[in-house]
Amino acid sequence: MKILLVEDEPKVVEFIKKGLEEQGYETEVAYDGQMGERLAIKEKYDLIILDVILPYLNGYELCKRIREKGLQVPVLMLTALGSTDDKISGFDAGADDYLVKPFEFAELLARIKVLSKRSSGLIQTSRLIKIADLELDLDKKTARRGDKIIDLTAKEFALLEFLMMNKGKVISRPEIAEKVWDITFDTGTNVVDVYINILRKKIDKDFQNKLIQTRIGLGYSIDEP
Ligand code: CA
């Protein structure tokens with residue numbers, strides 16, 4: 001069983017991680033909300049333990065995004081705040097349970113056991129990334145825009161996935177080259193531009209709303225039109 005722990009306080013991380021690993025749970029840690037989002041989408045976890053107050057992206061917002069992506073992984077929220085309003089915010093965001101800090105490790109463990117039992121009966125849905133009517137299925141490795149199925153090679157898929165994971169962010173050519181091709185950009189290659197053009201033909205050409213944007217001198221981005 002693999003657990004993602006999203007928590008920014010090192011002492012709490014240490015306490016939970018150590019306890020979970022003693023119980024035989026594989027545990028990965030994200031120290032802020034953004035990193036948590038990235039890992040939650042990219043990797044498969046059996047459970048996510050999510051703190052509320054986090055850098056960059058708070059736990060409620062992160063939980064909402066996880067649900068928007070169609071992920072049904074059980075989410076256990078950790079909160080230092082115990083008021084009814086906070087509980088409701090957590091459940092509204094799609095959390096399955098919550099635990100008020102400070103807590104005994106045995107209590108955490110009991111909740112984890114209940115949640116994992118409940119989720120083992122769930123049918124896993126696909127992991128989807130969606131921008132406007134463009135949809136990427138990370139499990140099936142398929143892409144579609146509206147009703148149109150789009151055929152992509154492995155590299156084209158990787159590039160589109162990288163852009164979509166960074167929705168709205170302008171990403172420079174060197175960064176794309178490094179993250180998608182694992183090469184440094186100073187080799188004078190135009191591979192990034194070539195592939196962006198291919199993607200444009202495949203996902204934008206036949207549609208009125210263009211999703212891929214060029215920012216001259218800065219790089220590329222993908223966003224809602
Ligand atoms: Ca915190």
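Residues numbered from 1 in each chain as written. Predicted model: local features only at pLDDT ≥ 70, side-chain atom pairs only at ≥ 80, totals over all residues. Heavy atoms only, no water.

(A) The arrangement of the sheet that holds strand 7 (residues 134-137) in detail. The strand order 6-7-8-9 describes an open sheet built from four strands, whose pairing is antiparallel. The outermost strands of the open sheet, each flanked by one partner alone, are strand 6 (128-131) and strand 9 (148-150). The sheet shows a mean angle of 20 degrees between the axes of neighbouring strands, direction not considered. Alignment of strand 7 against strand 8 (residues 142-145), held across four bridges, turns out to be antiparallel. Paired with Glu-135 across the two strands is Arg-144, which belongs to strand 8. Along the sheet, helix 6 (residues 154-165) makes contact with strand 6, strand 7 and strand 8, crossing strand 7 at roughly 115 degrees. Contacting strand 7, strand 8 and strand 9, helix 8 (residues 191-204) runs over the sheet at an angle of about 160 degrees to strand 9. (Pairing = 2+ DSSP bridges. Helix = DSSP H or I, 4+ residues; strand = E, 2+ residues; numbered from the N terminus. Axes fitted to C-alpha atoms, helices over the stretch in contact; angles between N-to-C directions. Contact = heavy atoms within 4.5 Å.)

(B) The domain arrangement of the chain, seen in detail. Domain annotation for the chain reports domain 1 (2-124) and domain 2 (128-222). Here domain 1 and domain 2 have C-alpha centroids that lie 30 Å from each other. Every contact between the two is made by five residues of domain 1 and, on the other side, eight residues of domain 2. Taken together, both faces of the contact between domain 1 and domain 2 bury some 510 Å²; the carbon and sulfur share is 53%. The largest contributions to the domain 1 side of the interface with domain 2 come from Arg-38, Ile-41 and Lys-69, which together make up 70% of the buried area. Counting the contacts that link domain 1 with domain 2 gives two salt bridges. The salt bridge partner of Lys-42 is Glu-161, with a shortest N-O separation of 2.9 Å. Our enumeration of links across domain 1 and domain 2 arrives at two residue pairs in polar contact (both at pLDDT 80 or more). (Domains from an automatic or database assignment. Buried area = accessible area lost by both parts, 1.4 Å probe. Salt bridge = Lys/Arg side-chain N within 4 Å of Asp/Glu carboxyl O. Polar contact = N/O pair within 3.5 Å; in protein donor to acceptor, adjacent residues only side chain to side chain.)

(C) Spatial organisation of the coordination of the calcium ion. Every protein donor of the calcium ion is listed here as Asp-8 (OD), Glu-9 (OE), Asp-51 (OD) and Ile-53 (O), and their distances to the metal cover 2.1 to 3.1 Å. Each donor residue of the calcium ion lies on one chain, and together they are spaced D-E-x41-D-x1-I. Given the relative accessible area of 27%, Asp-8 is considered partly exposed. (Donors = N, O, S within 2.8 Å, 3.2 Å for Na, K, Ca; no water. Buried < 20%, exposed > 50% of the residue type's maximum accessible area, 1.4 Å probe, protein only.)

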